[in-house]
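Take a look at the letters that make up each chain.
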Amino acid sequence: MKRCPECGRDYYDDTLLYCLDDGNALLEGPARASSGDEAATAILSEPPASGGGFDRGDESKTAILSSVEAQAAKSASIAVLPFANMSADAEYEYFCDGLAEELLNALAKIDDLKVAARTSAFSFKGKNINVNEIGRALGVNTVLEGSVRKAGDRVRITAQLINVADGYHVWSERYNSEMKDIFDVQDEITLAVVEALKIKLLGDERAAVLKRHTTSAEAHEFYLRGLSYFMRWTPEFFQKAIESFDQAIAIDPRYASAYAGLAEVYTEMSFFAFHRGYMPKAREAARKALELDDMLGEAHKSLGVILMYYDRDYAGAEYEFKRAIALDPRNAHIHNWYGWYLGLMGRFDESLKELKRARELDPLSDMINFAIGTVSIGRDSQSARSNSIEECSS
């Protein structure tokens, strides 16, 4: 565990270096350690020439713990930003977002690499913000960005890995290929980033990172469309996402990820429309996804939501949420849903721990911060009722 010496906020993610609230370097040690606890103090070193990821001239933030510097050299973290669409057709935006998300999901399979969640990373889309600020906001030390120019069956992809501390390129490359070779390009980019970060991939981990859920580039393109539409988060785009996932499945009936996408869209539509009729469709899609590939954390998560809200099978729901986390431990969305479940069960302390873990992974998510606020209110209300009962009993 780490803590911020300034605001006292606790962090359970040991890969974080700086406080997400005030930018101060994090200390190793027990939560809420007192300022006079010498065991929790450390010798401060002069900031590096690059500014150590903080604004130059702000003396309150330039002192960096030598122990944290040592960890920064050992740990690797990355944010994958949405790729810029350089194509003549604005419609190809879906491909740029989908490519970035696919790279993000592949890198998130690596145990020794912290990857910022999609919601937070994509919040910088279209904004001209220095990578130094992005790194501070997301708690990462590298940023992967790039651009895509697509014309017919040809695609040109430029990717570059940037060091947050000094803004210099760690690696960059340009790829020209046909769409049918897009899987090879994605693998090449992923492995190049891994090599640039000096991370070693073991056999099973390498297989997970390079796993392909379909061999059809056409089905994959419809899947990317579905992802892009889904993340626009309106009923109209939810319907377009369903159509895209259905088209992907029509091309490749064994495309488990497309079924998982369908399950997630139908689940969210049931909340947007307040209509329980979508839940059976969500269940069918989730079960089909897991029948094809039981290792999809998102599908287990969707099934957990269905069991919780529709079937009221709370034990079954918790099993699915735990299974989802075991398969995809760095997925903030899954931790968020499990946190909601624990809150609904009245297990507020466990819920807040889970939700704070989600926030560490996805610090800029409004949904996660809303969940933390809601559960905190529930815990305080429960505590107040307990105190009132005790006072009446005495």
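Computed from a prediction, not measured in an experiment: that's the story for all the values here.

**Details of the overall build of the protein**
Phase 1: Looking only at helices and strands, the protein has 15 helices and 11 strands in total.
Phase 2: Every one of the 394 residues in the protein was classed for burial, and the buried ones make up 52%.
Phase 3: Counting only carbon and sulfur atoms, one obtains 50% of the accessible surface of the protein, whose full area is about 18,800 Å².

**Some remarks on the packing of aromatic side chains**
Phase 1: In the structure shown here, the tally under the stated rule is 11 aromatic pairs.
Phase 2: Both rings, one in Phe 321 and one in Tyr 341, keep their centres 5.8 Å apart while their planes meet at 50 degrees; by these two values the pair is tilted. Linking Phe 321 in helix α12 (residues 314–327) with Tyr 341 in helix α13 (residues 332–344), this pair joins segments that are 20 residues apart in sequence. The pair formed by Phe 321 and Tyr 341 is uniform in burial state, with each residue classed as buried.
Phase 3: A centroid spacing of 6.3 Å and a plane angle of 50 degrees characterise the contact between Trp 340 and Phe 370, whose relative ring orientation is tilted.

**Looking at the pattern of salt bridges**
Phase 1: This structure, assessed with the given rule, holds 15 salt bridges.
Phase 2: Note that Lys 125 is salt-bridged to Glu 93, the shortest N-O span being 3.0 Å. On the criterion of sequence distance, the pair formed by Lys 125 in the loop between α3 (118–122) and α4 (131–138) and Glu 93 in helix α2 (residues 93–107) is long-range, its members being 32 residues apart.
Phase 3: For Lys 125, a relative accessible area of 32% puts it in the partly exposed group.
Phase 4: Of the residues examined, Glu 93 reaches a relative accessible area of 23% and is grouped as partly exposed.
Phase 5: Salt-bridge contacts for Arg 283 lead to Asp 311; the nearest nitrogen and oxygen are separated by 2.6 Å. Of this pair, Arg 283 sits in helix α10 (residues 278–292) while Asp 311 sits in helix α11 (residues 297–311), placing them 28 residues apart in sequence.
Phase 6: Judged by relative accessible area, which is 32%, Asp 311 ranks as partly exposed.
Phase 7: Salt bridges sharing common partners tie together Glu 318, Lys 322, Arg 347 and Glu 350.

**Focus on the packing of α10 against α11**
Phase 1: Relative to each other, α10 and α11 sit at 145 degrees, their axes nearing to 9 Å. Between α10 and α11 the crossing geometry is left-handed. Here Met 279, Pro 280, Ala 282, Arg 283, Ala 286, Arg 287, Ala 289 and Leu 290 of α10 come into contact with α11, specifically with Ala 299, His 300, Leu 303, Ile 306, Tyr 309, Tyr 310 and Asp 311.
Phase 2: Residues belonging to the contact of α10 with α11 are distributed by class as follows: 11 nonpolar, one polar and three charged.

**What to know about the pairing of strand β11 (residues 169–178)**
Phase 1: For strand β10 (residues 154–163) and β11, the ladder comprises nine bridges, and the chain directions are antiparallel. Bridge pairing links Arg 154 to Glu 178 in β11.
Phase 2: Hairpin geometry of β10 and β11 is characterised by an intervening segment of five residues between the two adjacent antiparallel strands and by a positive phi of about 80 degrees at Gly 167.

**Some remarks on the packing of α13 against helix α14 (residues 348–361)**
To characterise two packed helices, one gives the angle between the axes of the helices and the distance between these axes.
Phase 1: Where α13 contacts α14, the axes come no closer than 8 Å and their chain directions differ by 165 degrees. For the element pair α13 / α14, the angle class is roughly antiparallel. Here α13 and α14 pass one another in a crossing that is left-handed. Each of Ala 332, His 335, Asn 336, Tyr 338, Gly 339, Trp 340, Leu 342 and Gly 343 in α13 lies in contact with α14, whose residues at this interface are Phe 348, Glu 350, Ser 351, Glu 354, Leu 355, Arg 357, Ala 358 and Leu 361.
Phase 2: Partitioned by chemical class, the residues of the contact of α13 with α14 number eight nonpolar, five polar and three charged.

**Re the environment of Tyr 229**
Phase 1: Along the chain, the position of Tyr 229 falls in helix α7 (residues 217–230).
Phase 2: Judged by its relative accessible area of 10%, Tyr 229 falls in the buried class.
Phase 3: C-alpha of Tyr 229 to C-alpha of Val 265: the two residues are 36 residues apart in sequence and 9.9 Å apart in space.
Phase 4: Residues in contact with Tyr 229, not counting those within four places in the same chain, are Glu 91, Phe 237, Lys 240, Ala 241 and Ser 244.

**Some thoughts on empty space enclosed by the protein**
Phase 1: Scanning the model with the defined rule gives one cavity of 30 Å³ or more in all.
Phase 2: Taken as a whole, the largest cavity encloses approximately 30 Å³ of empty space.
Phase 3: Lining the largest cavity, in full, are Glu 264, Thr 267, Glu 268, Lys 301, Ser 302, Val 305 and Trp 337.
Phase 4: Elements with a minimum of two residues in the lining of the largest cavity: α9 (256–273) and α11.
Phase 5: The residue makeup of the lining of the largest cavity, split by class, is two nonpolar, two polar and three charged.

The rules behind each value
Residues numbered from 1 in each chain as written. Predicted model: local features only at pLDDT ≥ 70, side-chain atom pairs only at ≥ 80, totals over all residues. Heavy atoms only, no water. Helix = DSSP H or I, 4+ residues; strand = E, 2+ residues; numbered from the N terminus. Buried < 20%, exposed > 50% of the residue type's maximum accessible area, 1.4 Å probe, protein only. Areas by Shrake-Rupley, 256 points an atom, 1.4 Å probe, with all protein chains shown as cover. Phe/Tyr/Trp six-rings, centres within 6.5 Å; stacked < 30°, edge-to-face > 60°. Salt bridge = Lys/Arg side-chain N within 4 Å of Asp/Glu carboxyl O. Axes fitted to C-alpha atoms, helices over the stretch in contact; angles between N-to-C directions. Left-handed = near helix turned anticlockwise from the far one by under 90°. Contact = heavy atoms within 4.5 Å. Nonpolar A, V, L, I, M, F, W, Y, C, P; charged D, E, K, R; others polar. Pairing = 2+ DSSP bridges. Parallel < 35°, antiparallel > 145°, perpendicular 65-115°, else oblique. 1 Å grid on protein atoms, 1.4 Å probe; cavity = no way out; pocket = protein on both sides within 12 Å on 5 of 7 lines; lining within 4 Å. Points joined across faces, edges and corners; volume = space filled by probe spheres on them.

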